Amino acid sequence: MAITSGSSIGTSNPRRAAATPPRPSTTTQLAVTQRRVIGSEWIKLRSVRSWTIMAVVAAALMIAFGELAASVASGAVATTGPRPGGGPFAATDPPAISLSGTTLTQLIVGVLGVLFISNEYANGMIRATFAAVPRRLPVLWAKVIVLAGSLLVLMVVAGLASFLLGQLILGDGKNTTLAADGVLRAVLGSGLYLAGIGVLGIAVGALLRNTAGAISVVVATLLIVPGLARLVLPEDWNTTITPYLPSNAGSAFTSVTGSDTLLGPVGGAAVFVGWLVVLLVGAAVMIRRRDA
Amino acid sequence: MIVIDHLSKRYGEQVAVDDLTFTVQPGVVTGFLGPNGAGKSTTMRMIIGLDRPDSGQVTVDGRRYAEHRAPIHEVGALLEAKAVHPARSARNHLRAIGATTGVTAKRVDEVLDLVGLTGAAGRRAGDFSLGMSQRLGIAGALLADPQILLFDEPVNGLDPEGILWVRGLLGDLAAQGRTVFVSSHLITELGAVAEQLMIIGRGRLIAEIPMSELGAGAAQRAVHVRSPQAEQLAVLIGADGVSVRTGADRDVIEITGLDSEAVGRRAAEAGIVLYELTPRTVSLEQAFMDLTREAVDYPAHPAAPSSRTDRSAA
């Protein structure tokens, strides 16, 4: 309870109101705290229906794609590709097959992260937000906590569902279990990676403040840059640089079978978190410095 | 109390606020008047820390706005009406803002009721008319029961009933002992509510006067006289300590501080022939225009190139 209705604004009799000082001693009760700002951002996230839909669709696609890939790999769904019965995954990496939806889902959660902050700049809401929290950074942290927390829960569940259903579809002999070496790490890692991509979207959105520009940067970073680097960079540059790109650093801890072109799981996770930290620090500095 | 101390802000080449100093006193409605582009919104943004001043500072009750523990409990601001996510309902919008500082859902419904939006509380704010958006903005300003209120052009987009309602609200708020600082580019909007006026142009303070004084100036009657002996009449009346203005036409004079009957009588006593004797009132708008003439950024009449850089007038 913060404000008593007796002192509220708009009393019908201003003279009576003027006679009794309206000031309730509620400054302490109404202090802005990080916890309250998190509550505020939680209301914001839930109260735009299209965002809820995006998050649910992202999780659903994660599962649907995994199951589709598993069906193709198991031969249940025929393809006319060059590898009959194998599909693009050749049934050698059961966890990767069932988690293949990550590639698409990461784009949706990245865009959601961008929108969560760039929208406030687009419609001017950011000024109401920063008027309420003039120190500003609690807003950035709250957005990160609320979105990453929601996505983590949703995407870990989606990842587990994709994996388990996928193994069921692949069938005995072609599948694996969560107990197998590195599998649980890859499944949970996928959930963490997707939550991290949401955070990446927030950071890029805060840096650019422009929805279209920030979405372009996120999509390019995740999809275009890794492929482009392979095409245009000299071979030795390519092998030195590309493992450190956010998407490849993510692959290092979301896949079970390692690769010469990837970092190890721990190294990949460290590099991925490093990206997020650098981008968030940049966003924090710019948010503090720029006029709203 | 808001204390603005040598505040300056420029955006690139454009000077928005130029060495502004004044104090907004509690318990009255203070009007912030100036033509469009005079720096009113920029000043208000700097009061609540949205824009950082290049130099100078603003304090609210002795502290910078950002240093208050419960900022929107100190200062409630309506800066722009449509600053809402269009897909969010009015109620959720207010709940999100209020949640930062512990405002209850009950209080949100209270302010929605106060601004007359209870029926539309669950609707998408993007579907609101400008008038409804303005009411939602006012609700946001009142949300945490602040002692100081900033309203930037609050009656923009409101219908006549809404305008009356806002005026009544501003008066009520001041009567409760709150500090009310309200901007407008139209003197007529403020004439009915403001007791004190801060007039700015090109980012500088032009005048700081009580409304009653500007009103008195406006109420002052002028008498327009055309006479072949205008100069003789001017000397005669000027000797009585009355202000006489002569124009380009030697036969025409403007007399202020004497009514038309008195002017006619004095002329008759001196045997001066009058062709025209017309009483005139100066409107509030005219009084304001006279004060701000030199400081208008984009005058309707083309100004000499030098007038833009000539700041001595302000």
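The notes below deal with the structure included here. (Residues numbered from 1 in each chain as written. Chains lettered and ligands numbered in written order. Predicted model: local features only at pLDDT ≥ 70, side-chain atom pairs only at ≥ 80, totals over all residues.)

### Observations concerning the overall build of chain A
Working step 1: Across its full length, chain A carries 12 helices and zero strands.
Working step 2: Secondary structure elements of chain A, listed N to C terminal, follow the sequence α-α-α-α-α-α-α-α-α-α-α-α.
Working step 3: Classification of the 292 residues of chain A by burial places 45% in the buried group.
Working step 4: For chain A, long-range pairs separated by at least 24 residues make up 75% of all intrachain contacts whose partners lie at least 6 apart in sequence. (Helix = DSSP H or I, 4+ residues; strand = E, 2+ residues; numbered from the N terminus. Buried ≥ 20, exposed ≤ 12 C-beta atoms within 10 Å, placed from the backbone. Contact = placed C-beta atoms within 7 Å.)

### Brief notes about the sheet that holds strand β8 (residues 196–201) of chain B
Residue and element names in this part refer to chain B.
Working step 1: Strand order in the open sheet formed by six strands is β5-β6-β7-β3-β8-β9, with mixed pairing between adjacent strands. Strands with a single pairing partner mark the edges of an open sheet, and in this sheet they are β5 (75–78) and β9 (204–210). For this sheet, the mean inter-axis angle between neighbouring strands, taken without regard to orientation, is 15°.
Working step 2: As judged from the five bridges shared by strand β3 (residues 29–33) and strand β7 (residues 179–184), these two strands associate in the parallel manner. Looking at the pairing, Gly31 lines up with Val182 of β7.
Working step 3: Seen against the sheet, helix α6 (residues 160–175) touches β3, β6 (148–152) and β7 and runs at an angle of roughly 150° to β7. (Pairing = 2+ DSSP bridges. Axes fitted to C-alpha atoms, helices over the stretch in contact; angles between N-to-C directions.)

### Considering the packing of helix α8 (residues 183–208) of chain A against helix α9 (residues 211–232) of chain A
Residues and elements named next belong to chain A.
Working step 1: Closest axis-to-axis distance for the α8/α9 pair is 9 Å, and the angle between their directions is 140°. With respect to their mutual orientation, α8 and α9 come out oblique. When you trace α8 past α9, the crossing you get is right-handed. Contacts between α8 and α9 involve Leu200, Gly201, Val204, Gly205 and Leu208 on the former and, on the latter, Gly213, Ala214, Val217 and Val218.
Working step 2: The residue inventory of the contact of α8 with α9, partitioned by class, reads six nonpolar, three polar and no charged. (Parallel < 35°, antiparallel > 145°, perpendicular 65-115°, else oblique. Left-handed = near helix turned anticlockwise from the far one by under 90°. Nonpolar A, V, L, I, M, F, W, Y, C, P; charged D, E, K, R; others polar.)

### A look at the interface of chain B and chain A
Working step 1: Contacts between the two partners involve 48 residues from chain B and, on the opposite side, 46 residues from chain A.
Working step 2: For the side of chain B that touches chain A, the elements supplying multiple residues, two or more each, are α2 (71–74), α3 (90–99), α4 (105–114), α5 (130–142) and α6 of chain B.
Working step 3: Its residues assigned to classes, the side of chain B that touches chain A comprises 23 nonpolar, 14 polar and 11 charged.

### Concerning α3 of chain B
Working step 1: Within α3 of chain B, 10 of the 10 residues are buried, which leaves it mostly tucked inside the rest of the structure.
Working step 2: Within α3 of chain B, the full set of buried residues consists of Ala90, Arg91, Asn92, His93, Leu94, Arg95, Ala96, Ile97, Gly98 and Ala99 of chain B.
Working step 3: Next to the buried residues of α3 of chain B lie α2 (34–46) and α6 (125–132) of chain A together with α4 and α5 of chain B.

### Digging into unusual backbone geometry
Working step 1: One non-glycine residue, Arg209 of chain A, adopts positive backbone phi at about 60°.
Working step 2: Arg209 of chain A gets classed as partly exposed once you count the C-beta atoms within 10 Å, which come to 19.
Working step 3: Phi is positive for His6 of chain B, close to 45°, though the residue is something other than glycine.
Working step 4: Turning to its location among the elements, His6 of chain B is positioned in strand β1 (residues 2–11).

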